[in-house]
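In case you want the letters, here they are:
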Amino acid sequence: MTDRPAILLDLDGTLTDSVYQHALAWHKALELSGINLSVWRIHRRIGMSGGLLAESLSRETGHELTEKEAAKMKKAHARLFAAQLRDVRPLPGAKELVRHLTRMKVPWAIATSGALASAGPLLKLVDLPAGVPVITRDDVQHAKPNPDLWLAAAARLGVPIESAIAVGDSVWDLLAARRARALGVGLLTGGYGQEELERAGAYRVYEDPADLLLHIDEIGVRAG
């Protein structure tokens, strides 16, 4: 334990304003598979692994997916999301936050439920510094809300998960942090309310990366 804890950051909805592009891509992918569902219902599951999301949405509509259908749907989502990348922007303060953590020599990593293929362009948007560990869906057996991504990120940094702070924008991020035994911090940038994030385990909730950076001392990140 140190006075400068490791920071584990989610990507979609935490550093990049991409949650709604994902929701629309899933909406269209579902539609192509013959499943009609309101976008708001899909949004409530963004942050889950793609497999869990597809399963839960198909269950809600009573349309049971075969493995082949689920795989096809995930590929369609990836293609449709990629087509919207031009509309994705870094969230306010995202670049400044990662620069600050790097400058302060705080150990930090990114842990995202997205595959590397979809995460790569987003990492460029936030000017990811060289050498920062990035854990994606490709690196673990299960994505959020399982704890695997947070655990793998802490292991890559060589720090105990109990001394790490996991920052995310969805209840799935915070549930995964709680299961991993990391301290959870929530951002409102994914569309969840403060009370929802707190019930899921958030120690603190901030508006966006800029607000988190402004109050970075509240989570124990002090000047060197």
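The text that follows walks through the structure, step by step, so that each part is easy to find. Every value quoted in this text rests on a predicted model; they were computed, and no experiment measured them.

## So, the pairing of strand S4 (residues 164–168)
Of all 5 residues in S4, 5 are buried; the element is thus mostly enclosed. Here S4 shows no split at all, with Ala 164, Ala 166 and Gly 168 on one side and Ile 165 and Val 167 on the other all buried. Pairing of strand S1 (residues 6–9) with S4, which is carried by 4 bridges, proceeds in the parallel orientation. For Leu 8, the partnering residue across the bridge sits in S4 and is Ala 166. As defined by bridge partners, S4 adjoins strand S5 (residues 183–187) across 4 bridges and the pair is classed as parallel. Of the residues in S5, the one forming a bridge with Ala 166 is Gly 184. Of the crossover connections in this fold, the one passing from S4 over helix H8 (residues 171–180) to the parallel S5 is right-handed.

## What to know about the pattern of salt bridges
All chains considered together, the criterion is met by 8 salt bridges. Ionic pairing is found between Asp 127 and Lys 95, a salt bridge with its closest N-O pair at 3.7 Å. Taken together, the residues Asp 127 in the loop between helix H6 (116–125) and strand S3 (134–135) and Lys 95 in helix H5 (residues 94–103) connect sequence positions 32 residues apart. A residue is classified by how much of its surface remains accessible, and Lys 95, at 29% relative accessible area, is partly exposed. The salt bridge partner of Lys 144 is Asp 173, with a shortest N-O separation of 3.0 Å. With a gap of 29 residues between them, Lys 144 in the loop between S3 and helix H7 (148–157) and Asp 173 in helix H8 connect regions that are remote in the sequence.

## Topic: the nonpolar core
Within the largest apolar cluster, 56 residues are counted, with the highest numbers of intra-cluster contacts made by Ile 7, Leu 9, Leu 15, Leu 212 and Ile 219. Take this core: its biggest share by element is 6 residues, from helix H1 (residues 19–32). With residues near it in sequence (within four places) discarded, Ile 7 still touches Leu 101, Val 106, Pro 107, Trp 108, Ala 109, Ile 165, Val 167, Ile 219 and Val 221. Membership of the second largest hydrophobic core comes to 18 residues, among which are Ala 6, Ala 109, Ala 154 and Ala 182.

## A look at H6
Since there are 3.6 residues in each turn of an α-helix, residues three or four apart along the chain are aligned in direction. The complete set of buried residues in H6 reads Ser 118, Ala 119, Leu 122 and Leu 123. Projected down its long axis, H6 carries its buried residues within an arc of 135°, all on one side. Of the exposed residues in H6, those oriented more than 90 degrees away from the buried face are Ala 117 and Lys 124. Turning to H6, the residues buried within the fold contact helix H4 (67–82), strand S2 (108–111) and S3. In the segment just after H6, Asp 127 is the residue with positive phi, at about 55°.

What counts as what
Residues numbered from 1 in each chain as written. Predicted model: local features only at pLDDT ≥ 70, side-chain atom pairs only at ≥ 80, totals over all residues. Heavy atoms only, no water. Buried < 20%, exposed > 50% of the residue type's maximum accessible area, 1.4 Å probe, protein only. Helix = DSSP H or I, 4+ residues; strand = E, 2+ residues; numbered from the N terminus. Pairing = 2+ DSSP bridges. Right-handed = clockwise from strand over helix to strand, strands pointing away. Salt bridge = Lys/Arg side-chain N within 4 Å of Asp/Glu carboxyl O. Core = buried A, V, L, I, M, F, W, Y, C linked by side-chain atoms within 4.5 Å. Contact = heavy atoms within 4.5 Å. Arc of directions from axis to C-beta.

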